[in-house]
Structure formats: structure tokens, C-alpha cells
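Fold and geometry: a report
What follows is each chain in one-letter form.
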There are 2 protein chains.
Amino acid sequence: MQDGDFKALKIDQGRMMDSLHSICSFGTGKRWGSAPTETGMSRLALSDSDKQARDWFVDTTTALGCAINLDAMGNIFAVRPGRQSGLATFAGSHLDTQPSGGRYDGILGILAGIEMLRVLEDHHIETEFPVGVVNWTNEEGARFPISMVSSGVWAEDIPLARAHNLKEVGGGKATVKSELERIGYLGTMPASYKSMPMAAHFELHIEQGPILETERQKVGVVHGVQAYRWFTVEVQGRDAHTGTTPLANRADAMLLAARLITHAHRLATTHSAMAATGILTLTPGSTNTIPGTVRFALDVRAPADATVDAMEADLKADFAALAAGENIGGLLDGSTPGKPLNISWQTDSVSPATLFHADCIAAVRAAAEAVTGDKGLVRDMTSGAGHDSVYASRRCPTSMIFVPSRNGVSHNPEEYTSPEDCAVGAEVLLQSVLRYDRLRSMGATGSG
Amino acid sequence: MQDGDFKALKIDQGRMMDSLHSICSFGTGKRWGSAPTETGMSRLALSDSDKQARDWFVDTTTALGCAINLDAMGNIFAVRPGRQSGLATFAGSHLDTQPSGGRYDGILGILAGIEMLRVLEDHHIETEFPVGVVNWTNEEGARFPISMVSSGVWAEDIPLARAHNLKEVGGGKATVKSELERIGYLGTMPASYKSMPMAAHFELHIEQGPILETERQKVGVVHGVQAYRWFTVEVQGRDAHTGTTPLANRADAMLLAARLITHAHRLATTHSAMAATGILTLTPGSTNTIPGTVRFALDVRAPADATVDAMEADLKADFAALAAGENIGGLLDGSTPGKPLNISWQTDSVSPATLFHADCIAAVRAAAEAVTGDKGLVRDMTSGAGHDSVYASRRCPTSMIFVPSRNGVSHNPEEYTSPEDCAVGAEVLLQSVLRYDRLRSMGATGSG
């Protein structure tokens, strides 16, 4: 098969989108429009609906001639044999979603991988080496609060025990391991790149940002991922009655937390970084009790590791000063000095800036230019979000493909990418995998 | 019985405190010290533990010769007959607690009432008119978010249906009515001052503030209660991915809520009022999703109604301006302008400033001076917290008695009042009720 032959391999847009919407019946979320597919998704990792999606994935890839490899984190590697044995080149992403997520984040990457397998079957194509599709567990970190945890275990960057013992957020007792057991997806194969090495990992994903749409471009060739760090900050004050405790006698954990969150945004502005709080819990949680304890998540991101380091240092210093009653940034102007409070920090996740592999980036660019027929529609990008490709890239050549997100919206039921854009992305994925397979067959990669 | 006879009526401190700590075995909360009684309480209204406390109350007062009157809000009026028929003079308070509350708030008032009944039995005293003890339902408003809701229904200031349909906080499905039915405390008597009129209502309560302790005084003669108002503020932005959404594209509901809470404190300082947020929930609730919706409680208090009115007006104007991106009080200094958000307000509870009845205040003062033997140990006070006496005072003569709170702490497991101070308060309560009964027998009150 020559380079030109790839052009004959068209993915079937209707078939792929039908499959995508069909498995979105498992864990359907909030409705935002009147059409049948105008709902979001709420398919938390290892929930009953995630099990349904997994069962579908296993059945479908098995029917397409794949062997299933299930590891101790519930990662599912479906592998289609090649002309010769060897490591498989994978398309990978995830089937879990945010609690109030959409139909494309993660899901598109898996469905495009399955469409790839179908096209190969349709055309009776035998690749040189095996190719496969991998579904990574709990990418979102929404239910079990470490994102990309299972590719992290696979990369041996996160210890298995820590991942298995992760408790679900919100005070429930379920752990990753107990839920893997419950839904029947606790594999016997070790979760490790040593047991399940990959020749390469390609991931098609929605951009989740506004750039491609704004620039009227179709495909992002992703060179890497920005750094991020997740913290849990605990503010410790003193519970007290709201009616009888003068402002000056209060150690109001919610008031301090409000100032800290306000300040974190200012520091992000100063550093050209990003900061956000998506989880906050207070106790005891009563209208007429000043809360003694507030815990909140802090998500900090920047393109360079050094910027995140500087943010962390400033956040820690300024939060401590604010807790002690120091008037940082005028936040205490016009306020009543209260009692001092304590702050403790926990680092939940550290994801350094990531650079993808030149061979994979080149394969994606060549595929994108061939599929779109117009270099002007293809853009080099850095990902704002973390993806399983971050951990994959530590143990095998990796790159990603982005397609446009309407209004840049993601982690929201209204997340949307047009069927045409999904199809372009899927075709770029297919061709990237085939190009990489050919590259390996020519002995032209470092990892064949 | 002459005035001087009252002095012979000593309450039994040991017996009262034993009973108090004994019923604190129903719904025991967080431990803060090593002694058996050094725990807080977590006895939410109409919970299983509240049912246990109620059963004990009914059994004990029945054994002391009282008739039980149960109304449709689960208020329990235990009435001991007098020499002649007529309305009863009540000691009242509540047995429910905050989720992380102490052993004295409400509980002391009920136990002192029961000790009053025991002393009357011990001395075979027949009062002129009936006397009684009333346990009001869900005073705290912690589980069902209207405080003093059942005395409010009794006063016909809160409609029964609204109270019955109140849902428990935190998203559960239980209502006041369903829980009253479940624990067997849905009475058939209408919850109304018309069905269950009271001659007067006296309430012994811990101060829940630092004043008596700081001033080394023993008894507060309470002349009234400050005004307060409870709101729920909903901030509506847009869910978005934390990694891919530039600060300028965000409508971050948590960031705005943080600024609003910071600002509410400043307005409270300006107005010499108080403001606090004790409940905050955000959705969807994921570290890497900027929350689109935040709801938080706002508790606003001041001694005068006009001050609370002014606070409410300023809060509404400034919150709207901040949501629109206006830089109120420099809160947006050094920040990245984002997308506008919407704010909606709900008023959950309005409690105007309250003035108690001169006859009851006089009875409490006379009793306090007689019991302490020293005017210097007695102080006129305004209550910072709302109490069932607020609603009681709308339909019958009312006053309250305060005793010191260690460190001014309340709504906290470490809430503490010494046994000696509890006993002084209970004796003042007993004598206030007897003095008021005598006043009625002399035809000297407006309500005999």
C-alpha cells in the first residue's frame, strides 16, 4: 500500500456518529436542546453506565477481530493483529465523563478508534504491525480525584496502591479498586507499560477551547500539553454562632476561603497563568453557624513548569499571610480584623509540561494536510488540558489531534463538535496510525 | 406562699446536670475533651436521636404529673395543673441541635424546665394557674432551613403548609411532615396560639456570646432580640474546562461568589452589622471544571430593622454590579475581566427586631437579683441570636434569661456553661415563672 492509498480510506461519518450517540445512551446527562442527541453526559468512571459503555467497547472490538487485554486499573487494550507480530500502535482515549459533561470529550477518541478498526476490516487491510484502541480508566478525575490516573499507573508514575485506594469524592466509601471489582473490570494483567508496551499512542480529542473555531481552522497538531498542578487547601477556623459572635471574634473559614479564591485569580492574572476552584466543601454547613472548616480545590495551569512553580510559591506565601491577617492586595480594606486561621496544603496531582514525539507529530501533520488538502486549515497547538497522552508520552512516542469545539465549551452538556469535524478528526487519526505503522515497517522510527 | 418563700425553692444542680448529660446520649457529637461529657451534640430536628429525646421528655413530664399536648408541628406542651384552671405559664426551649453543636443551646432551657417541675413536685407546690414546659420543633433551622419554624407556625406567622413542606438541606427528600410522621410526632392539635394559648413564655438560654463572661456577670435579663434576615444567593455562570478556557472567557461562578462573600463582610463592617455564609454548594463540583452555578446562604443581622434594610439594599445593588463586572471596592483590581454572570436572590427568613414584655422582664430581673443576691451580677441584654421566644412574644408576654458561655462559643461542640451557672439560670427560671404566676393571681398582668 502506497501513501496515496491512504486517501481511499474514508471513514464512514454516519456510522461513526450513530455509534457515538448510541453509546451516549449509557449515562445520558442534562438536556440542553430539543433534538434526541442534544443532551450532555454524566458517566462517572466505574459507575453502572461506565460498565455498560465498557461492555459495548469489548463486544464491538472483539467482533472486529481484536484481542482484549484488561489490566489491574481496568484499562482495556483491544489489539488487532498485523502482518507481523510486535507492539501495537494505539488510538486511545476514555469513555468516562464529567458529572455534567458532554458527548465528545474522550468519547470521540474511542469512537474514532473503533471506526478505524471498521475501515480496516471493510478494506481487508492488514497493517504491518498490530494496531489497537485503548480505553483508559477515570481520565477525568471527576469521581476519583486524580485525573488520568490509570495511564499514570500504566506509565509507573502513580503507584497502583495509591490509585486503587482512591476514594470517590463527596464522602462516599467506594474506591477505585472496589468499583473495578464491583463492575467486573479488575484485570489480572499488571497495569504497566512493561506488561502492555505500546509502539505509539495517538489521541483524537476535541480542543475544549476557542482557538480552532476562532481561527476557522479544522485540525490541531498537538505538540504538547501545558503544566498543571492540583491542590486541596484546608482552612481551619472556629465554628461559631452567626448571631452572637461579633465580627472581631470570628475565625470565619468561609470568609478567608473567599479572599483566597479572589486572590488566586489575581496571582493567575499576574503570572499569565490560570487558577480555578471547582470543589468547595464547608463544615458544619448551617446558615447560622460560621463555618470552622472549609476545604477547596485549586487547579493551577501554565504553559511552562517554571510559571506553575512561581504560582505555587506565591500562593503559599500569600495565603499564609492572609490567614494571619495581613492585608494582601487590599483584600482586608474596609474589613473587621478577626481571629487568625490556619491553612494546610495537599498536592493532589502534578503534571509537568509535556512535549510530544517528533515522529508522531509529523505523522499527524502529514495526515492532517492530506485529509484537509489545505495547510491553512491545520494548526500547531499546545493543549490546555491534561490527557492520557501525557502519561503515554512518557513511555512511547505520542501525539494528539484536536478538532474544533463550538464556543470553546467543554465539561458542559452543550459541548459540541459538528459531525463533519468529527469525521475529519477520525480520518486524520486513521491516517496517522497507518503512517506511523508504515514508518515502523521501514525501520524509520526509534521505537519500531 | 409569700415572696420570701421562693428562696426556699432551690433547684438540685446535680440532678439537673445528670439529666442533661443523660439525654445528651441521644445524638452525641464530636469529642473535644477526655471527660465523658466532653463531647458536642449532633441531634438534628426530627432525626432518630431527636425522637429519643422527645420520648424521654414525654415520659418524664408525664411522670411529673403533666398532661401532654402535641400539635401539628410536633411542638410538645407538657402542662402541670394549677389551683385554678386557666392558661399555663411556660418555660420553653428546644431539644434539637446544630449538626456540630453543643450540650447547652436549647437543651439547658428544657432541662431547667423539667427541674422546675421536679422542684414543684418535691415541695408539693400548687401554683395558682397551670405551669408547663414546651419543646419547640426545629428551632435551629439546621436540618430544615427555617429557624424557629414551629414557634413561627404556632404564632401564625409562618403558614403550616410551608413549614410542613420544608425539605431537609443537602438534597435529601425528607420533609418536616414526612419526618414528623416517621417518628410519630405529627400531632392532631392545630399548631396555633389559638389552640394552645400561653399565659407567658420564659426561656433560659446560654448567651452564646462573650459579654457575661467578659464582664464577670452571671445573669442576662433579656429585653429583646436583634433583627436578622436569611437569604440564598444563586450565582449563575457557565461550566467550562479549567485548562482550556482563558480567564477572559470564563463566567466563573465560584470566583464571583468569593468576591461577593468578601464584599458582604465589608458592608457589614460599614453598617456595624453582621454577615456570614454558612452554606455553599457549587455544581457540577469537579476540580477541573469551572463551576457554572454556586448557591450560598447569607445571614445578615443588626440590632435595628432599619440597619438590616440598608444592608439588604446595599448587598443587592453591589452584588449586581460585581456580577456585571463593575469594580466595587477594588475587588477586581489586578484581575482579568471575564464574562458577565447572573445573580438571583431568595429570602428564606425574616426576623424583625423583637422587644419583650415589661412584666416578664421585671419578673426575670427580680428573680435574678434574688437568686444572685447582687445587682452587679445581673445585666440587661439584647440577644444576638433568634430564639423561639421571638415568636412566642408575638402572642404572649415573654422574656429570656441568659447565662454565661465560656469564650462566647456556641454552635460548636466545645460550647460550655458551668454546672453552677446552669443552676443559677434554672433557679432564675423557676422563680420567674412563680413570680409571674403570682402576678397573675393578683390580677396584676394584662394577660392573666
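Up top is the structure.
Just so it is clear, the model here is predicted, and its values are computed rather than measured.

**Let's talk about the relation of the copies chain B and chain A**
After a rotation of 180° and a shift along the axis of 0.0 Å, chain B superposes on chain A with an RMSD of 0.0 Å. With respect to symmetry, the two chain copies, as superposed, fit the operation of a two-fold axis. Across chain B, the smallest distance between a C-alpha and the rotation axis is recorded for B:A258, namely 2.0 Å. The overlap is high: 100% of the interface residues of chain B also sit at the interface in chain A, so the same surface is used on both sides.

**Points about unusual backbone geometry**
With an omega dihedral of 5°, the bond running from A:T283 to A:P284 counts as a cis peptide bond. With respect to the secondary-structure elements, A:P284 resides in the loop between β12 (280-283) and β13 (289-290). With a phi angle near 60°, A:E156 is a residue other than glycine that sits in the positive phi range. Residue position: A:E156 is located in the loop between α4 (149-154) and α5 (160-164). Positive phi, close to 65°, is recorded for B:L46, a residue that is not glycine. Topologically, B:L46 is positioned in the loop between β2 (39-41) and α2 (48-63). For B:L46, a relative accessible area of 0% corresponds to the buried category.

**As for the pattern of salt bridges**
All names here are of chain A. The tally for this structure, following the rule as stated, stands at 44 salt bridges over all chains. Residue R83 pairs with E128 through a salt bridge whose shortest N-O separation is 3.1 Å. Of this pair, R83 sits in the loop between β4 (76-80) and β5 (89-93) while E128 sits in the loop between α3 (107-122) and β6 (131-135); the two residues are 45 residues apart in sequence, bridging distant segments of the chain. Three or more residues joined by partner-sharing salt bridges are found here, namely D48, R143, E168, E179 and R182.

**Let's talk about the side chain of A:R80**
Residue and element names in this part refer to chain A. Checked against the element boundaries, R80 lands in strand β4. Only 2.8 Å separates the side chain of R80 from the backbone oxygen of I125, close enough to count as a polar contact. Excluding residues within four positions of it along the chain, R80 makes contact with G65, C66, L117, L120, E121, I125, T127, P130 and V131.

Reading the values: rules and limits
- Residues numbered from 1 in each chain as written.
- Chains lettered and ligands numbered in written order.
- Predicted model: local features only at pLDDT ≥ 70, side-chain atom pairs only at ≥ 80, totals over all residues.
- Heavy atoms only, no water.
- Least-squares fit on C-alpha atoms with pLDDT ≥ 70 in both.
- Contact = heavy atoms within 4.5 Å.
- Helix = DSSP H or I, 4+ residues; strand = E, 2+ residues; numbered from the N terminus.
- Buried < 20%, exposed > 50% of the residue type's maximum accessible area, 1.4 Å probe, protein only.
- Salt bridge = Lys/Arg side-chain N within 4 Å of Asp/Glu carboxyl O.
- Polar contact = N/O pair within 3.5 Å; in protein donor to acceptor, adjacent residues only side chain to side chain.

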